[in-house]
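# Chains, contacts and geometry: an overview
Residues per chain, in single letters:
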Amino acid sequence: MNERRGSEGALTGSKRQFLASCFIAINLLFCFFVEGNESGSGSGPSNVYEDGDILLGGLFPVHEKGKNDIACGEINTNRGVQRLEAMLFAIDEINRDPALLPGIRLGANILDTCSRDTYALEQSLEFIRSSLTNIGQTQFTCINGSESAADVSKPVVGVIGGAYSSVTLQVANLLRLFQIPQISYASTSAKLTDKTRYEFFARTVPPDNFQAKAMVEVISLFNWTYVSTVASEGQYGEMGISQFLREARAKNICIAASTVIATSSDSSTYDDVIFVIKRATNARVVILFTRADDTRGVLSAATRANLTENYIWIASDGWGKQETPVKDNEKVAEGAITLELQTQHVMKFDEYFLGLHPLTNSRNPWFIEYWEHVLECSVGYNPQNNNNSYPPCAADDTLISIDFVQDSKVQFVIDAVYAMAHALHNMNRRLCPNSIGMCNAMEPVKGSALYQEILRVNFKDMVGSDVRFDQQGDGLGRYDIMNFQWDPFSKSYKYVKVGHWANRLYMDPVLVTFNPHVPRHNSRRVPFSQCSLPCEKGEVKHVREGENCCWICTKCQPWEYLKNEFSCVDCGNGSYPTADLKGCYKIPKEHMQWSELWSILPALISTLGIILTWIIIVIFIRHNDTPVVKASGRELSYLLLTGILMCYSISFPLLCKPSPLVCGLQRCGLGLSFCICYAALLTKTNRISRIFNSAQRTAQRPKYISPVSQLVICVCVIAVQAVGEILWCIIDPPSTRLYSPEGRRDVVILKCGIDEKALIISLVYNMFLIILCTVYAFKTRKIPENFNEAKFIGFTMYTTCIVWLSFVPIYFGTGGDFRIQTTTLSIAVSLSASVALGCLFVPKVYIIVFQPEKNVRKLSCTSATFRKSGTSYSHNHGHVLLHLHSSLAQCDSQNTDTSQTSL
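Residue indices follow the written sequence of each chain, beginning from 1 at its first position. Note on the predicted model: pLDDT of at least 70 is required for a residue's local features to be given, and 80 or more for side-chain atom pairs to be given and counted; whole-chain, interface and lining totals, by contrast, use all residues. Side-chain metrics rest on all non-hydrogen atoms present in the structure, leaving aside hydrogens and water.

## Considering the nonpolar core
For soluble globular proteins, the rule of thumb is that nonpolar side chains tend to be buried together. Buried Ala, Val, Leu, Ile, Met, Phe, Trp, Tyr and Cys residues that are joined via side-chain atoms within 4.5 Å together make up what is termed a nonpolar core. Residue burial is assigned from relative accessible area. The probe radius is 1.4 Å, only protein chains are included, and a residue is buried under 20% of its type maximum, exposed over 50%, and partly exposed in between. Counting residues in hydrophobic clusters, the biggest one holds 102 residues, and the most contacted among them are M87 and L424. Helix and strand labels come from DSSP, where a helix needs a run of H or I of at least four residues and a strand needs a run of E of at least two; each type is numbered from the N terminus. No other element matches the 13 residues that helix α13 (residues 410-431) contributes to this core. Note on contacts: a residue pair is in contact if any heavy atoms of the two residues lie within 4.5 Å. With residues up to four places along the chain from it excluded, the contact list for M87 reads L56, G57, G58, F60, A108, I110, I160, V413 and V417. Counting 54 residues, the second-largest nonpolar core is a separate cluster that includes I610, L639, L759 and F807.

## Notes on a nonpolar patch on the surface
Any residue with relative accessible area above 30% and no salt bridge may belong to a patch, with like charges joined within 9 Å and the nonpolar Val, Leu, Ile, Met, Phe, Trp and Tyr side chains within 5 Å. Per-residue and other accessible areas were derived by the Shrake-Rupley procedure at a 1.4 Å probe size, with only the shown protein chains allowed to occlude residues. Salt bridges are defined as contacts in which a side-chain nitrogen from Lys or Arg sits within 4 Å of a carboxyl oxygen from Asp or Glu. Together, V723, I726, L727, I730 and I731 line one region of the surface with nonpolar side chains, adding up to about 540 Å² of accessible area. Residue position: V723 is located in helix α20 (residues 707-731).

## Quick word on the packing of helix α3 (residues 77-96) against helix α12 (residues 367-375)
At their nearest, the axes of α3 and α12 sit 11 Å apart, and the two run at 135° to each other. Taken as axis vectors, α3 and α12 run oblique relative to one another. In the packing of α3 onto α12, the handedness of the crossing is left-handed. Between α3 and α12, the contacting residues are T77, V81 and E85 on the first element and F367, Y370, H373 and V374 on the second. Class assignment for the residues of the contact of α3 with α12 results in 4 nonpolar, 2 polar and 1 charged. Where helices are involved, their axes are fitted lines through C-alpha atoms of the stretch in contact, as for all axes, and angles between N-to-C directions lie from 0 to 180°. For classification, angles of less than 35 degrees are called roughly parallel, those exceeding 145 degrees roughly antiparallel, those between 65 and 115 degrees roughly perpendicular, and all remaining angles oblique. Should the near helix be turned anticlockwise from the far one by less than a right angle, the crossing is left-handed, and should it be turned clockwise, the crossing is right-handed. Residues are grouped as follows: Ala, Val, Leu, Ile, Met, Phe, Trp, Tyr, Cys and Pro are nonpolar; Asp, Glu, Lys and Arg are charged; every other residue, Gly included, is polar.

## Looking at helix α6 (residues 208-221)
The length a helix should cover is 1.5 Å for every residue beyond the first. Spanning 14 residues, α6 covers 20 Å between terminal C-alpha atoms, matching the ideal 20 Å at 1.5 Å per step. Taken residue by residue, α6 has D208, F210, Q211, A212, A214, M215, V216, V218 and I219 as its buried positions. Once α6 finishes, N223 follows within two positions and takes phi at roughly 60°, a positive value.

## So, the packing of aromatic side chains
Think of it this way: a Phe, Tyr or Trp ring, Trp meaning its six-membered ring, pairs with another when their centres are within 6.5 Å, and the plane angle makes it stacked under 30 degrees, edge-to-face over 60, tilted otherwise. Across all of its chains, the model carries 26 aromatic pairs by this definition. With centroids separated by 5.9 Å and ring planes inclined at 65°, the aromatic side chains of F200 and Y451 adopt a geometry described as edge-to-face. Separated by 251 residues along the polypeptide, F200 in the loop between β9 (182-184) and β10 (201-203) and Y451 in helix α14 (residues 447-456) bring together distant segments of the chain. There is no split in this pair, since F200 and Y451 are both buried.

## So, empty space enclosed by the protein
Note on definitions: the grid is 1 Å and covers protein atoms alone; a cavity is a set of points where a 1.4 Å probe fits but cannot get out; a pocket is an open set with protein on both sides within 12 Å along at least five of seven lines; lining residues have an atom within 4 Å of a point. Grid points are joined across faces, edges and corners, and a volume is the space filled by probe spheres set on the points. Tallying each qualifying case throughout the model produces 9 cavities of 30 Å³ or more. The calculated volume of the largest cavity comes to roughly 350 Å³. Of all the elements in the fold, those that place two or more residues in the lining of the largest cavity are α19 (660-697), β29 (748-752), α21 (756-761) and α24 (818-850). Within the lining of the largest cavity, the residues separate by chemical class into 12 nonpolar, 6 polar and 5 charged.

## Quick notes on the pattern of salt bridges
Using the criterion set out here, one finds 24 salt bridges in the structure. With a closest N to O distance of 3.4 Å, R105 and E50 form a salt bridge. Here R105 is found in the loop between α3 and β5 (106-112), whereas its partner E50 is found in strand β1 (residues 47-50), with 55 residues between them in sequence. You can call R105 partly exposed: its relative accessible area is 42%. Using a relative accessible area of 13% as the deciding quantity, one classes E50 as buried. Residues E50 and R363 are paired through a salt bridge, measuring 2.8 Å at the closest nitrogen-oxygen approach. In this pair, E50 sits in strand β1 while R363 sits in the loop between α11 (347-354) and α12, placing the two residues 313 residues apart along the sequence. Residue R363 is classed as partly exposed on the basis of its relative accessible area, which comes to 21%. Several salt bridges converge on common partners, so that one network encompasses E50, D92, R105 and R363.

## Considerations on the environment of V205
Mapped onto the fold, V205 is located in the loop between β10 and α6. Once residues lying within four places of it in the same chain are set aside, the contact partners of V205 are S184, Y185, A186, S187, T188, L341, F412, D474 and G475.

## Quick notes on the side chain of S228
Position of S228 among the secondary structure elements: in strand β11 (residues 226-232). When neighbours within four sequence positions are excluded, S228 is seen to be in contact with A256, A257, A280, A283, V285, V286 and I287.

## Some details on the state of the cysteines
Defined by distance alone, a disulfide is two cysteine sulfur atoms within 2.5 Å. What the rule picks out here adds up to 9 disulfides. Residue C72 pairs covalently with C114 via a disulfide, S to S 1.6 Å. Disulfide C72 to C114: torsion about the S-S bond roughly 80°, handedness right-handed. Taken together, the residues span a long stretch of sequence, with C72 in strand β4 (residues 72-75) and C114 in the loop between β5 and α4 (117-131) at a distance of 42 residues. Across this residue pair, the class does not change: C72 and C114 are buried. Bridging C535 to C553, the disulfide has an S-S length of 2.0 Å. Residues C535 and C553 are joined by a disulfide whose S-S torsion is about -90°; by sign, that bridge is left-handed. Of the two residues, C535 sits in the loop between β20 (505-507) and β21 (539-543) while C553 sits in strand β22 (residues 551-555), which places them 18 residues apart along the sequence. Taking the relative accessible area as the measure of exposure, C553 reaches 26% and is therefore partly exposed. No disulfide involves C716; its sulfur sits 9.2 Å from that of C714, the nearest cysteine.

## Quick look at the sheet that holds strand β27 (residues 589-590)
A sheet is described by the order of its strands in space; here 3 strands give the open sequence β27-β29-β28, paired in mixed fashion. Edge positions in the sheet fall to β27 and β28 (736-739), since each of these pairs with one other strand and no more. Sheet topology places β28 next to β29; 4 bridges connect them, and they run antiparallel. Counted as the bridge partner of L738 is L750 from β29. DSSP-based pairing: two strands are paired if at least 2 bridges between them are found.

## Describing the pairing of strand β13 (residues 285-289)
On any regular strand, side chains alternate: one points to one face of the sheet, the next to the other face. Across the 5 residues of β13, 5 count as buried, placing the element largely inside the fold. As paired strands, β11 and β13 are joined by 5 bridges and run parallel to one another. Bridging across to β13, A231 finds its partner in F289. Pairing between β13 and strand β14 (residues 312-315): 4 bridges, direction parallel. Its bridge partner being in β14, V286 is matched across the sheet by W313.

## Considerations on the sheet that holds strand β19 (residues 492-501)
Spatially, 8 strands are ordered β12-β11-β13-β14-β15-β18-β19-β20 in an open sheet, and the strand pairing comes out mixed. Of all strands in the sheet, those with a lone pairing partner are β12 (254-261) and β20, marking the two edges. Between one strand axis and the next, the sheet turns by 30° as a mean value, whatever way the strands run. Contacts from helix α9 (residues 292-304) reach β11, β12, β13 and β14 within the one sheet, and its direction differs from that of β14 by about 175°.

Structural data, given as structure tokens:
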């Protein structure tokens, strides 16, 4: 064995000298700390020592932090003694298990950290001294006379502990120098994950960054975006809040106020914390990453400030499901959501612990102090000692009589011991495959190799939970989500599990009961904790500079959809936002439908007009050689009837679904049909006017009054409109367009690609013809009754002017509704045609059909007009009539239709 040690673990002279120097320095430090402890903390038990083949170190906060320069305070009943006994219990179970470390007995050297990092560092020097026993066997004598020997105890191969992160950070830095693996059962600081600084550290609990992530996911579940934070000074609180802030920023959660509670705090400090929280009026959720004593201080200050109906607390496992923080603060804590490391009750430990007694538990020197504290009796009672604070303990006293609650970290302590044992077992099977117990290859236990075995362990613990570590030495992240609720059945407050977190949140928000008086938004069950009110549907956020959670809401336009919560985007013409405002859809194009009343009515009028027009055309053709038809000017009459027929027919393109062809028909047909009508009427009235004017000056027949001349003149007048229409179609080809009424982007109308103004401008020429016709009709209004067709033309033109003057304002006034506008235009066109048809042709048809006896040629100068005394026609203008009759007779002799019929 010595040869093997010499070959594999020989130290060079310089290394041996260096380690010997370290050993001497550590012993001197130990002497110094012993003297300091004797002066500062008083006498008392120093450790729990149980011999074994392999020794495990243990660090537990057996006592609370002392005050007034005293290292240790009162006994820590749960976090200290229970956890210490859990380690001893686990060692006993392992030693009784023949399948785990067969032939090897585990021992322990357990020290008290007194919940203080500096004191824990002093105590941990004992582990270092033990690990250097192989360098020399020299004894050292301290100044006070006590001896310090290098072989006082066996070296520890690994350390279980400590509890507080601040303690563990100090100890881990020391143990790493000597490659002593360490497994913590409660330290959750994220700093300990850094393997470049703590390369021999592992833990059975998850780091605080898991806890911070779980808290952020809980906050996001309830849509809270504006919170305040409170942290305890030190690694646990400050590093935990630091991790929380990192996770919160990723979820767009803003911090309204943040404060840190100093290590030495009093009630005024906690009152200041509440004052800071109250200043953030909209932040109704407060994040607590605090120790239990600080949590109680904050809740007590909130109770003093009467904040029982204002805030929801989200707390880390520093609060968990402990009763101490909420005692006497139940109302202010109601509705709190806390995280607790997911643990299970170890029933076997309860049997072990409740069976302990000071008379039988001699290996734990602090158990008597614990017994006296929880049972409030004195074990070594002396009636003559006036310092006795408790009565003597009874012989039959047991821990069963107390209200015992197993500490939440007991499972993790047991898992840590078992993890160390499994790692040692695996190392033993690897290095000593053919032997039982320790072998030369395993002595001494190499810390770096043991740590690698720790990272590889994977087993089920006493309660069936998985125990394993990741590459950083961190345990599995598992938390229970607790809610502090009022139980109406038991009439008391209690913690209720409402979910859990295992790499992601599993939680039913319906199970959570909040403080019933915390302000809520829009009568929601969930309390409100946001800087700004949520924007309503169709609104976007305008975020204030530097404040992601504070914004002003502005409403999008009706035709815009929400690209994201910060911007609106126009859907564009022809599209409109969907109901959820997440996109756009194509709006169905509206146009005149034949099934609508707006189309049926004008179509019916036009159809009736077309039928009547064709009837008149047929009658005129059948009676083409009768005096009435000849006297009306057959060529112009047929042309006029064609124009009227076109006016009626144009209603159908107006009512059809717009297309380039339909729009071309509308554009050309409307102006051309009117032009044909009014060109024919203008030619008629102009002919009559010229005949009478010429008769007043001379007996010579006027030029261009023959049917052919009249037809040529009429065609020329029409050609002006036709050429204009053709040029217009060439310059601006007919097309369709989509139109939305002003302020109504949700409506898309399919229309022809010309606006109303351009359409009216295209009718200007027709308006000019109407005016000329009206002027000529007015000038010829006093001709004799034998030639009174001019009066019917005049009546037609007066009525047409009224129709057009009424149509224009109605047409432009109904621009907001294309149905009314189109119907108005169609009826106006049909009405204009009906006026001409009714006034000019119906009287003639009536004579032809119902009074054929009057359909004869009659030229008579005797009329009522001539018989009137004092009239201008009987004396002064007689020669005009003679001249007109002479002209008409001359035309008639040439087979022209210039005679007039007395109507």
